[in-house]
Amino acid sequence: MSSLRAIRKLIGFLWITARALLDYRFNVRRRGATVHDRADWCHRWAGRYLRLLNVEVTIRGQPPASGLLTCNHLSYLDIVVLGGSHPQVFLSKAEVQNWPIIGALTRCAGTLFIRRDRKSDVAELQSAFSAVVTQGVPLTIFPEGTSSDGSSVLPFFSSLLEPAAQANWPVTPAWIGYRLDEGQGSVADDICYWRDMTFGPHFLKLLSKKKIHATIVFGEPIEPGLNRKQMAAVLHKEVTALAVEHQPSPEPFLDGEQLEPSFNS
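This structure is a prediction, so every number in the text was calculated from the model and none was measured.

### Comments concerning the pattern of salt bridges
- With the rule as written, the count across this model stands at eight salt bridges.
- For D23, the salt bridge identified is with R44, shortest N-O distance 2.6 Å. In this pair, D23 sits in helix 1 (residues 2-28) while R44 sits in helix 2 (residues 35-53), placing the two residues 21 residues apart along the sequence.
- You can call D23 buried: its relative accessible area is 13%.
- The residue K205 makes a salt bridge to D190 at a minimum N-O spacing of 3.6 Å. Of this pair, K205 sits in helix 9 (residues 199-207) while D190 sits in helix 8 (residues 187-190), and the two are 15 residues apart along the sequence.
- What makes K205 partly exposed here is its relative accessible area of 37%.
- Residue class for D190 comes out buried when judged on its relative accessible area of 8%.
- Beyond isolated ion pairs, a larger network of salt bridges with shared partners links D190, K205 and K209.

### A few points about the sheet that holds strand 5 (residues 139-141)
- Read across the open sheet, the seven strands follow the order 1-8-7-2-5-3-4; overall the sheet is mixed. Here the strands that pair on one side only, and so sit at the sheet edges, are strand 1 (55-60) and strand 4 (112-114). The average angle at which neighbouring strand axes cross in this sheet is 25 degrees, direction not considered.
- With seven bridges joining them, strand 7 (residues 171-180) and strand 8 (residues 212-218) adopt antiparallel strand pairing. Across the sheet, W175 pairs through a bridge with V217, a residue of strand 8.

### Examining the packing of helix 2 against helix 3 (residues 77-85)
- Interaxial distance between helix 2 and helix 3 falls to 7 Å at its minimum, and their mutual angle equals 120 degrees. Between helix 2 and helix 3, the angle is such that the two are oblique. Where helix 2 crosses over helix 3, the two elements pack in a sense that is left-handed. Taken together, the residues of helix 3 that come into contact with helix 2 (itself represented by C42, H43, A46, Y49, L50 and L53) are L77, V80, V81, G83, G84 and S85.
- Residue composition of the contact of helix 2 with helix 3, grouped by class: eight nonpolar, four polar and no charged.

### Some details on a nonpolar patch on the surface
- Side chains of L4, I7 and I11 sit close together on the surface and give an oily, nonpolar patch of about 310 Å² of accessible area.
- In this structure, I7 sits in helix 1.

Rules of the game
Residues numbered from 1 in each chain as written. Predicted model: local features only at pLDDT ≥ 70, side-chain atom pairs only at ≥ 80, totals over all residues. Heavy atoms only, no water. Salt bridge = Lys/Arg side-chain N within 4 Å of Asp/Glu carboxyl O. Helix = DSSP H or I, 4+ residues; strand = E, 2+ residues; numbered from the N terminus. Buried < 20%, exposed > 50% of the residue type's maximum accessible area, 1.4 Å probe, protein only. Pairing = 2+ DSSP bridges. Axes fitted to C-alpha atoms, helices over the stretch in contact; angles between N-to-C directions. Parallel < 35°, antiparallel > 145°, perpendicular 65-115°, else oblique. Left-handed = near helix turned anticlockwise from the far one by under 90°. Contact = heavy atoms within 4.5 Å. Nonpolar A, V, L, I, M, F, W, Y, C, P; charged D, E, K, R; others polar. Patch = residues over 30% accessible without salt bridge, like charges linked within 9 Å, V, L, I, M, F, W, Y side chains within 5 Å. Areas by Shrake-Rupley, 256 points an atom, 1.4 Å probe, with all protein chains shown as cover.

Here's what the structure looks like:
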């Protein structure tokens, strides 16, 4: 049954993707593909993917209307869940833009890409960050720099917060988590995309799930006037607190040690 479900959802995924790309080409691009156009396109089609995947999303708190949104990172599914909550633009690792199908979708959504092995990329993104935020569209980043199994919030890369610190943009913490019904598998193995997992097999496993429960919790914007390292520490504490409060797992949630990644110095 799960294999048949995965096949049906895969066919549906390809069908929705074809329609989404045609919508972008003949509607969004003709309007000029502004930041708002792309964010709205992402929001609209994310909702369709969520319905296909049967993801039930619970939202707590108020999504930010502008500025930077900082969230923990568990899976590529985070983009769809967050994108379905409100229009926004994402920052992603550069490799994603070359993924089959997914890469095309992220490029249409106006996603900003960063090569994590190059310090200069963060500085070069200053103007790109500004082009999104000054248009009144929230920019969502995952300051952990990678995805995890959700057992802790990994240390935050403070360099990604430098543009917000310099321009004094509002910065909002958020936490995302998942739950599967009993007997439907493990969130860490079947939803989270981390370690050395391969996209194809993982995606088929995700498609086989009967239902996925997702929770997004938006916190309050942090105090202004902090430098990037102070912001990273405060945001890490806030996201961890949201996780402790809302994490569905009965296991104790661990607060990761706040370390400064080496390329941020």
